[in-house]
Amino acid sequence: MAFISSGYNPDKPMEGRITDIGPRHFEEFYPPVIKKNKGEWDYHEIVKPGVLKHVALSGDVVYTVRCGGARLMSVTHVREICEIADKYCGGHLRFTTRNNIEFMVETEAALDALLADLASRKFAGGSQKFPVGGTGACVSNIVHTQGYAHCHTPATDASGPVKAVMDEMFEYFQTMSLPAMVRISLACCLNMCGAVHCSDIGIVGIHRKPPIVEHDRLDNICEVPLAIAACPTGAIKPAKIEVEGKKVNTVAVNASRCMYCGNCYTMCPAMPLASGEGDGIVLMVGGKVSNRISMPKFSKVVVAYIPNEPPRWPTLTKMIKHIVEVYAANAKKYERLGEWAERIGWEKFFELCDLEFSHHCIDDFRDPAYYTWRQSSQFKFTKHIEA
C-alpha cells in the first residue's frame, strides 16, 4: 500500500519510471566499421607484433594497434590517450582485460601515421609512453591487483613488482619469439582479486604471521561477532582480558588454524596483519584458461617464499626471467609453459630452472588431488643420475 500511496501503479509498473541511470549500452561506443560488421568478420591476422588486421565479409578492413598500458593512470595520461583516439580513431578506443590500450584505424596510411606518433611519445626519462606489442607468442601486459596504493590487506605491492618484471620482460612484449603466449599475473594477497590461479606465471603476495590483536582498541572500534564470523577457518573466538586493570571484550586467535587471509582485518581494523618480516611473495607456474591442446590448468607453487625487496624486487625478477628464458629455449612451438613442464616432468622443470624443491611445492589440496594431481610421493629427480 505504501507504494500505491506514493504514486506507484501496479497495473502500469513502468509508468513514470526513470530508466536511464547507469552506464549507456556498450554498442553506442563501437567504431562505425565495427558496428557495421558485427558478427560478419571473415578472418584476422597479426601483421606484426602489436598490430592486428581484421577483414570483414563486406571487404572492410580494421587495423588494431595494441599498446601497453598501466592499471593506475594519471588524468593527464588518460587525456593523452583520448587525444590520440580523437586524432586517428574518430574518438574511439578500447581497453583489454590486461590493461592494454587498443586504437583502431581503417587504412594503412592511418596505421603508419598512428605507429609513428605512438613511437614519438616518451616520458621525461626516455621510456615509451605507448609501447606497441602484446600480441601472439609474447609476454602480454601483466594484470594485477591494487597493492599498497589502495588495498588494505596486501602482502606485497602490485604496481612496483609489475613494473620491475615488465622492464625485464619488455623484449618479449614487443616480439613474438616465444613458443606460445605467456600470461603473467599478480595478486598482492591470498584473496587473489587478480587471475593468478590460472596464469602461466602467477605472483602472489603472502602473509606468514597471524594478525596482531590490539586489545585496548578492539572493543571500541570493532563488532566482535563480525570479526569472528569473518574468519573462514574458525580461528577466532571471543575472549575477555584485563587491560590496565579493566576487563575488556576482545578476541583470541588460534595461530595454528590461521590462513593469513586478512578477512578479520577487513571487519576489524584492530587486527592488523601486515608484517615487514613475514610478508613476501609466492611464485606459481603452469596455469592457463585456454582449452587449446590441453585442458585448463591451475598454477602450481614453485617458489614458496621470496622476500619483498622494493623498489625493484631483484630476486623475483631474476627468477621470472630465468624461467621464461629456459621455457623459450626448450618448449615446442604452441606449447604453453605448464604443458611443457608436464611433458618433461615437474622434477625436470625444477632442475632446468634451478629451483629448490621443498615440501611447500607438493600439491595437497585434497579433492582435486584425488582426481587430477600427483597421487604418489615418489619423485624422479635426475641430477643424481647425471652426476
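Conventions we followed
- Residues numbered from 1 in each chain as written.
- Predicted model: local features only at pLDDT ≥ 70, side-chain atom pairs only at ≥ 80, totals over all residues.
- Heavy atoms only, no water.
- Buried < 20%, exposed > 50% of the residue type's maximum accessible area, 1.4 Å probe, protein only.
- Helix = DSSP H or I, 4+ residues; strand = E, 2+ residues; numbered from the N terminus.
- Contact = heavy atoms within 4.5 Å.
- Pairing = 2+ DSSP bridges.
- Axes fitted to C-alpha atoms, helices over the stretch in contact; angles between N-to-C directions.
- Phe/Tyr/Trp six-rings, centres within 6.5 Å; stacked < 30°, edge-to-face > 60°.
- Lys NZ or Arg CZ within 6 Å of the ring centre and 35° of its normal.
- Expected span 1.5 Å × (residues − 1).
- Parallel < 35°, antiparallel > 145°, perpendicular 65-115°, else oblique.
- Left-handed = near helix turned anticlockwise from the far one by under 90°.
- Nonpolar A, V, L, I, M, F, W, Y, C, P; charged D, E, K, R; others polar.
- Polar contact = N/O pair within 3.5 Å; in protein donor to acceptor, adjacent residues only side chain to side chain.

**Some points on helix α10 (residues 337-344)**
Within the span of α10, buried status applies to Leu337, Gly338, Glu339, Trp340 and Ala341. Where the residues of α10 are buried, they touch β8 (201-206), β11 (280-285), α9 (314-330) and α11 (346-352). Gly345 sits one or two positions beyond α10 and adopts a positive phi of about 95 degrees.

**A look at the sheet that holds strand β12 (residues 300-307)**
Here five strands make up an open sheet; going across it, the order is β6-β7-β8-β11-β12 and the pairing mixed. Both edges of this open sheet fall to β6 (143-144) and β12, since each of them pairs with a single strand only. Sheet topology places β11 next to β12; five bridges connect them, and they run antiparallel. Looking at the pairing, Gly280 lines up with Pro307 of β12. Those strands touched by helix α5 (residues 159-173) are β6, β7 (184-187) and β8, and its axis lies near 165 degrees from that of β7. Strands in contact with α9 are β7, β8, β11 and β12; relative to β11, the strand with the most contacts, it is inclined by about 5 degrees.

**Topic: the packing of aromatic side chains**
According to the stated counting rule, one finds seven aromatic pairs in the structure shown. Here the aromatic rings of Trp340 and Phe349 are separated by 5.7 Å at their centres, their planes lie at 75 degrees, and the arrangement is edge-to-face. There is no split in this pair, since Trp340 and Phe349 are both buried. Directly above the aromatic system of Tyr305 lies the positively charged group of Arg208, at a separation of 3.5 Å from the ring centroid. The residue whose ring lies beneath Arg292 is Tyr334, and the NZ or CZ to ring-centre distance is 4.9 Å.

**Things to note about α9**
The end-to-end C-alpha distance of α9 is 24 Å, a good match for the 24 Å that 17 residues give at a rise of 1.5 Å each. Regarding α9, the residues found buried are Leu316, Thr317, Ile320, Ile323, Val324, Val326 and Tyr327.

**Description of unusual backbone geometry**
Cis geometry marks the peptide bond from Pro310 to Pro311; its omega dihedral reads 10 degrees. Positive phi outside glycine occurs at Asp354, with the angle close to 55 degrees. As for its placement among the helices and strands, Asp354 is situated in the loop between α11 and α12 (366-371). Residue classification places Asp354 among the exposed residues on the basis of a relative accessible area of 56%.

**So, the environment of Ile236**
Within the fold, Ile236 resides in strand β9 (residues 236-243). A relative accessible area of 7% means that Ile236 is categorised as buried. For the pair formed by Ile236 and Leu226, sequence separation is ten residues and the distance between their alpha carbons is 11 Å. Dropping the residues within four chain positions of it, Ile236 is found in contact with Ala227, Ile228, Cys231, Val251, Ala252, Val253, Cys264 and Met271.

**Overview of the packing of α9 against α10**
For the pair α9 and α10, interaxial distance at closest approach is 11 Å and the crossing angle is 70 degrees. What the angle tells us is that α9 and α10 run roughly perpendicular. Handedness of the α9/α10 crossing: left-handed. Residues Ile323, Val326, Tyr327 and Asn330 of α9 form the contact with α10, whose participating residues are Leu337, Trp340 and Arg343. Tallied by class, the residues present in the contact of α9 with α10 amount to five nonpolar, one polar and one charged.

**With respect to the sheet that holds strand β5 (residues 101-105)**
Taken in spatial order, the five strands make up an open sheet running β1-β2-β3-β5-β4, and their pairing is antiparallel. The two strands at the open ends of the sheet, each matched to only one other strand, are β1 (41-48) and β4 (94-95). Sheet topology places strand β2 (residues 51-56) next to strand β3 (residues 61-67); five bridges connect them, and they run antiparallel. Across the sheet, Val55 pairs through a bridge with Val61, a residue of β3.

**With respect to the side chain of Glu335**
In this structure, Glu335 sits in the loop between α9 and α10. Side-chain polar atoms of Glu335 contact the backbone nitrogen of Lys332, separated by 2.9 Å.

**Points about the pairing of β3**
The buried fraction of β3 is high, at six of seven residues. Where β2 folds back on β3, the antiparallel hairpin that results is connected by four residues, among which Gly59 adopts a positive phi of roughly 100 degrees. In the sheet, β3 pairs with β5 via five bridges, with the strands oriented antiparallel. Following the sheet pairing, Val65 is matched in β5 by Phe103.

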